[in-house]
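Here's the letter readout for the chains.
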Number of protein chains: 2
Amino acid sequence: MTSPSAIQDSYPYQNEPIWSRSEKTIARKAFDAALGRELHEVIQEAKKMASQIQQPSDLWDLEYYLTQRRKEIDRKYDFRGSRLTDVLGRLLYENRLGEEDLRGLPEEKMKSIRSFAQFLRDGAA
Amino acid sequence: MTSPSAIQDSYPYQNEPIWSRSEKTIARKAFDAALGRELHEVIQEAKKMASQIQQPSDLWDLEYYLTQRRKEIDRKYDFRGSRLTDVLGRLLYENRLGEEDLRGLPEEKMKSIRSFAQFLRDGAA
């Protein structure tokens, strides 16, 4: 039999950062703005690719582009509290957000977000 | 042990129609023309859909449309001899081919092709 203390020890989210309601509001606004800009880019690129289609292979290139971008966007924009620090860090790293978009978040969270952006910069170098 | 006659009895293609080289040439020309016309239609539709994209859902509608059309075209345009009668019959049924495109095929094959087109008409009625 599993004892209550064993359950508590295996609880996987004990180090998950807590996001207050007001912090989530700030994060949501920045997140939605970045998502909107990224979707706008994909729309513009799809219109351009479609207007230049000359042969069937161009058509399937467009399909492949859209599928890849949809999957990438689905993966990237994950608003769960357990993922939010990394998600915002990645958007910062990709210049889809500026620090000014996150104004109002406590310094401790900004540190974690910046730190993940730096981690990605180091990995790309 | 499997005897040679058992192998012969289980040979699955014994009733497959034989397509001579000249018949295949006629079929190929009609098949390629129908495929070209269908791809041209998809290209026109994709350009139109892309030009009308206003919001992200329109973008993913375009992706879905392209994926469905690609799969449908892959399934439909199968040039194997064992499938060719049904494939040409379907193209006839869909008005993607006229009988004049198949001029030169022996009456026996035309009968089978017409018969499959009629089968599809009956199924759709």
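Heads up: these notes are all about the structure in this document.

Reading the values: the criteria
Residues numbered from 1 in each chain as written. Chains lettered and ligands numbered in written order. Predicted model: local features only at pLDDT ≥ 70, side-chain atom pairs only at ≥ 80, totals over all residues. Heavy atoms only, no water. Least-squares fit on C-alpha atoms with pLDDT ≥ 70 in both. Contact = heavy atoms within 4.5 Å. Salt bridge = Lys/Arg side-chain N within 4 Å of Asp/Glu carboxyl O. Buried < 20%, exposed > 50% of the residue type's maximum accessible area, 1.4 Å probe, protein only. Helix = DSSP H or I, 4+ residues; strand = E, 2+ residues; numbered from the N terminus. Core = buried A, V, L, I, M, F, W, Y, C linked by side-chain atoms within 4.5 Å. Phe/Tyr/Trp six-rings, centres within 6.5 Å; stacked < 30°, edge-to-face > 60°. Lys NZ or Arg CZ within 6 Å of the ring centre and 35° of its normal. Axes fitted to C-alpha atoms, helices over the stretch in contact; angles between N-to-C directions. Parallel < 35°, antiparallel > 145°, perpendicular 65-115°, else oblique. Left-handed = near helix turned anticlockwise from the far one by under 90°. Nonpolar A, V, L, I, M, F, W, Y, C, P; charged D, E, K, R; others polar.

Describing the relation of the copies chain B and chain A
Placing chain B over chain A gives an RMSD of 0.0 Å and needs a rotation angle of 180°, together with 0.0 Å of translation along the axis. Expressed as an axis order, the relation between the two copies is that of a two-fold axis. When C-alpha distances to the rotation axis are compared across chain B, the minimum falls at E63 of chain B, with a value of 2.8 Å. Counting the interface residues of chain B, we find that 100% of their copies in chain A are interface residues as well, pointing to one common contact surface.

Considering the pattern of salt bridges
Under the definition given, this model contains 34 salt bridges over all chains. Residue D78 of chain A is joined to R83 of chain A by a salt bridge in which the shortest nitrogen-to-oxygen separation is 3.8 Å. Classification of R83 of chain A by relative accessible area gives partly exposed; the value is 29%. As a salt-bridge pair, E41 of chain B and R96 of chain B come within 3.2 Å of each other at their nearest N and O atoms. You can see E41 of chain B sitting in helix α2 (residues 21-51) and its partner R96 of chain B sitting in the loop between α4 (81-93) and α5 (107-124), a full 55 residues away along the chain. By relative accessible area, which is 17% here, R96 of chain B ends up buried. Among the charged side chains, a network of salt bridges with common partners joins E38, E41, R69, E72, K76, R90, E94 and R96 of chain A.

So, the nonpolar core
L66 of chain A together with L62, L66 and L88 of chain B are the most contacted members of the largest nonpolar core, which has 59 residues in total. Elements with a minimum of two residues in this core: α2 (21-51), α3 (56-76), α4 (81-93) and α5 (107-124) of chain A together with α2, α3 (56-76), α4 and α5 of chain B. Ranked by residue count, the leading element in this core is α2 of chain B, at ten residues. In this view, L66 of chain A contacts V42 and A46 of chain A together with L59, W60, L62, E63 and L66 of chain B; residues no more than four positions away in its chain are not counted.

Considering the packing of aromatic side chains
The geometry of an aromatic ring pair is captured by two quantities: the separation of the ring centres and the angle between the planes. On inspection of all chains with the given rule, the structure shows six aromatic pairs over all chains. Their ring planes at 35° and their centres at 5.6 Å tell us that F116 of chain A and F119 of chain A sit as a pair that is tilted. Residue F116 of chain A and its partner F119 of chain A are located together in helix α5, separated by three residues, close to a single helical turn. Judged by centre distance (5.4 Å) and plane angle (80°), the ring pair of F31 of chain B and Y77 of chain B falls under edge-to-face. Here Y77 of chain B lies in the loop between α3 and α4 and F31 of chain B lies in helix α2, a separation of 46 residues in the sequence. For Y77 of chain B, a relative accessible area of 10% puts it in the buried group. Through a chain of ring-to-ring contacts, the aromatic side chains of F31, Y77 and F79 of chain A assemble into a single cluster. Between R28 of chain A and the ring centre of F79 of chain A, over which it is positioned, the NZ or CZ distance is 3.9 Å.

A word on the environment of I53 of chain B
The residue I53 of chain B is located in the loop between α2 and α3 in this model. Sequence-wise, I53 of chain B and T85 of chain B are 32 residues apart; in three dimensions their C-alpha atoms are separated by 40 Å. For I53 of chain B, the residues in contact, after removing those within four places along its chain, are I43 and K47 of chain A together with D58, L59 and L62 of chain B.

Observations concerning the side chain of K109 of chain B
Looking at the secondary structure, you find K109 of chain B in helix α5. A relative accessible area of 7% places K109 of chain B in the buried class.

Remarks on unusual backbone geometry
Even without glycine at this site, N95 of chain A takes up a positive phi of about 55°. Looking at where N95 of chain A falls in the secondary structure, it is placed in the loop between α4 and α5.

Things to note about the environment of D86 of chain A
Residue and element names in this part refer to chain A. When you line up the elements, D86 lands in helix α4. Residue classification places D86 among the partly exposed positions, given a relative accessible area of 28%. Remark: the alpha-carbon pair of D86 and L120, spanning 34 residues in sequence, is separated by 9.9 Å.

Concerning the packing of α2 of chain A against α3 of chain B
Taken N-terminus to C-terminus, the directions of α2 of chain A and α3 of chain B make an angle of 45°; their axes are 10 Å apart at the nearest point. The pairing of α2 of chain A with α3 of chain B is recorded here as oblique in orientation. α3 of chain B is crossed by α2 of chain A, and the crossing has left-handed handedness. On the side of α2 of chain A, the interface is formed by L39, V42, I43 and A46 of chain A, while α3 of chain B contributes P56, L59 and W60 of chain B. When its residues are assigned to classes, the contact of α2 of chain A with α3 of chain B shows seven nonpolar, no polar and no charged.

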